[in-house]
Amino acid sequence: MHRINNKYRDIGCGEIDVTYAGKEVTMSGWVFRSRDHGGLIFCDLRDRTGVAQLVFSHGDTGKVSELPVPSFFVAQHKLKAEYVITIKGDVRIRPEGTENPDIATGGVEVYVKELKILSESDALPFQLDEHIEISEANRLKYRYLDLRRPEMLKNMVTRHKTCKAVRDYLDDMDFLEIETPVLTKSTPEGARDYLVPSRMAPGCFYALPQSPQLFKQLLMVGGMERYYQIVRCFRDEDLRADRQPEFTQIDMEMSYAGVDDVIILVEGLIKNIFKYIKGEELPTPIERLPYDEAMERFGNDKPDMRFGLELKDMADLASLSSFKVFLDALSSGGRVKGLLGKNMAGLSRREIDLLTADAQALGAKGLAWIKVKDTFESPILKFFPEDVVRQMADRLDAAPGDMMLFVADKEHVVNDVLSRMRLDIAKKQNIIPSNDKFVWITDFPLFEWNEEDARFQAIHHPFTSPTDEDIAHIMGGSNIDLSKLKSKAYDLVLNGSEIGGGSIRIHNSELQKQVLKLIGMAEAEAEERFGFLLEALKYGAPPHGGLAIGLDRLVMLMTGAQSIRDVIAFPKTQKAACPLSGAPSHVDKKQLRELYIRLNVPDEKPAD
RNA sequence: GGGGUGGUAGUUCAGCUGGUUAGAACGCCGGCCUGUCACGCCGGAGGUCGCGGGUUCGAGCCCCGUCCACCCCGCCA
């Protein structure tokens, strides 16, 4: 740690080693653990840099009671866990045989000559002991204590270093860090907005940004050319282990760029981060997988590429069978795909029933299976000629001891079910290696059909540029199949998690209007929601595109944390509450009055 | 909104088929200890069994409701 030599310290606890032997040092920190032997006391002193062993001793021989008692020695008997103290003492090499190889400073110890207690501590609500797991509710309530744990410190350091690597790299690439408003207007992403009432404009609300999407495009129109921001985003949706109501994005946008430019830029960024954090040389270019191929081979658009078990089309072989479920699915335009159940031939009937129930919970009508042993075993074997079963096994790479799984249904059901089962099987069979595997998913469809609203909607967002061919189609105006249009959107996937996504944007106001029309947005609505962008596009907007990376998720994956909460200093619970501060909370009636707000909460106590 | 798991000492947990005084470890408090490092030894305190209701002679345990935390689906790039 950078030296700020003062009365508190001239060195960090974790920084002393044999080269300091004989030197006098001043250190400050928390009392971690003490081992009181009566006349000899060891005390582990902890600060951000690490832990050092302090020794309080009268001398090498003699009884305590017979020796003059220095005042500090009285004080040190009172030292309890998490007291904050400053000590002055001499660094000495530890007596032979008492070195501790488990800690960085284990070769030395500090003989204390002066002790000052800066701050006492009550007994903690939980122990800061890596051997005891504490409930998350408790950890979050006393997050400032939880943060003292080395594990949390490590996560915060990794997060910081990631941000630093981002800033260093993007600065080198001539990107400008520019802030965008937090009090803003609802952006047209799909999620629910967090709203902030306006006092100045009664009845009106700001929205907290779901992302700075529109503003970063305006920065391009504004000639900033290359923008980035490590920015907080807000989405009022239900939470998960990898989702928080407020989360951080590494947001980027650049002018005069195409898909390749953004991808190469981001690969350089990721490379830089991994080198800085993990010392790993990430191989580039990162593999690119068109969306259609990802769906075909893995059943989803964020495949975990660290292992095989790819989905295989079985339509040709299924049609050679007399199995009605397969034949019906095919004749009604559906799909039959297979998945390898590695090492699952030994599953009991009951376990297979559970597996089937899982598949049904995911929307499948059922799950067909064939065990591969010395022979094939399955209740549906009678519908298949033996050579067909053999070919299915070949296609799935099934060896004796494996099981083949099949789902026949509408395409999205087949993919949905099998892609999840693929992950479940890989986890259960423990075949996922621990390396990091990135992949780009490219050539996304522009639109997808929304069953609920019975209309097409933008997959990415409505400012995503179609491919050049499809721009011609759209501007040509003839009747076009919206489901076939492709976009210049791309996602970055790491180990099966989507960690970033972006696109080349539409920079032509006519095209933009046309695209909005295709998804059924009335001109008036478009005008009301983001007319300012449409207008900006009229005044010479350069071609531009960008990408945003989920910082929390990226850091979570790099640290191996089990939850996004472990890489956020003060995260919220699954109910979006903060156990530490008590947010959200009721507010004064006066505050509400000033905002022209009257509550209408059923069965709820009125505000304090 | 739906499904699942959990809630017992400060903490992490055990608590059998419903049975008398609810346990352990760590922590905490007091004492002892000169080479420990998750120190050790002796002694002690500490409980609204999440909350509310019900069944029962009797409930930590069974039933209903509710709250909280976590995981998942829906939702969300």
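Residues numbered from 1 in each chain as written. Chains lettered and ligands numbered in written order. Predicted model: local features only at pLDDT ≥ 70, side-chain atom pairs only at ≥ 80, totals over all residues. Heavy atoms only, no water.

So, about the domain arrangement of chain A. Split into domains, chain A comes out as domain 1 (13–119), domain 2 (149–286 + 542–608) and domain 3 (307–432). Here domain 2 and domain 3 have C-alpha centroids that lie 41 Å from each other. (Domains from an automatic or database assignment.)

Here the focus is the pattern of salt bridges. According to the stated counting rule, one finds 49 salt bridges in the structure shown. One salt bridge in this structure joins Glu296 and Arg335, with 2.7 Å as the shortest N-O distance. Pair noted here: Glu296 is in helix H7 (residues 291–298) and Arg335 is in strand E13 (residues 335–341), with a separation of 39 residues, a long-range link. Note on Arg335: relative accessible area 16%, which makes it buried. Here Lys342 ties to Asp402 by a salt bridge, and the two come within 3.4 Å at their closest N and O atoms. (Salt bridge = Lys/Arg side-chain N within 4 Å of Asp/Glu carboxyl O. Helix = DSSP H or I, 4+ residues; strand = E, 2+ residues; numbered from the N terminus. Buried < 20%, exposed > 50% of the residue type's maximum accessible area, 1.4 Å probe, protein only.)

Attention now moves to the pairing of strand E9 (residues 226–234). Counting buried residues in E9 gives seven out of nine residues, a clear majority hidden from the surface. In this structure, strand E6 (residues 176–177) lies alongside E9, joined through two bridges in parallel fashion. Residue Glu177 lies in a different strand from E9, and its bridge partner there is Tyr228. Bridging between E9 and strand E10 (residues 246–255) involves nine bridges; their strand directions are antiparallel. Directly across from Arg232, in E10, lies its bridge partner Thr248. (Pairing = 2+ DSSP bridges.)

Among the surface-exposed residues, Glu523, Glu527, Glu528 and Glu535 lie close enough to one another that they form a single negatively charged patch. Residue placement: Glu523 occurs in helix H15 (residues 523–536). By relative accessible area, Glu523 is classed as exposed at 61%. (Patch = residues over 30% accessible without salt bridge, like charges linked within 9 Å, V, L, I, M, F, W, Y side chains within 5 Å. Areas by Shrake-Rupley, 256 points an atom, 1.4 Å probe, with all protein chains shown as cover. Lys, Arg positive; Asp, Glu negative; His and termini not counted. Charge placed at Lys NZ, Arg CZ, Asp CG, Glu CD.)

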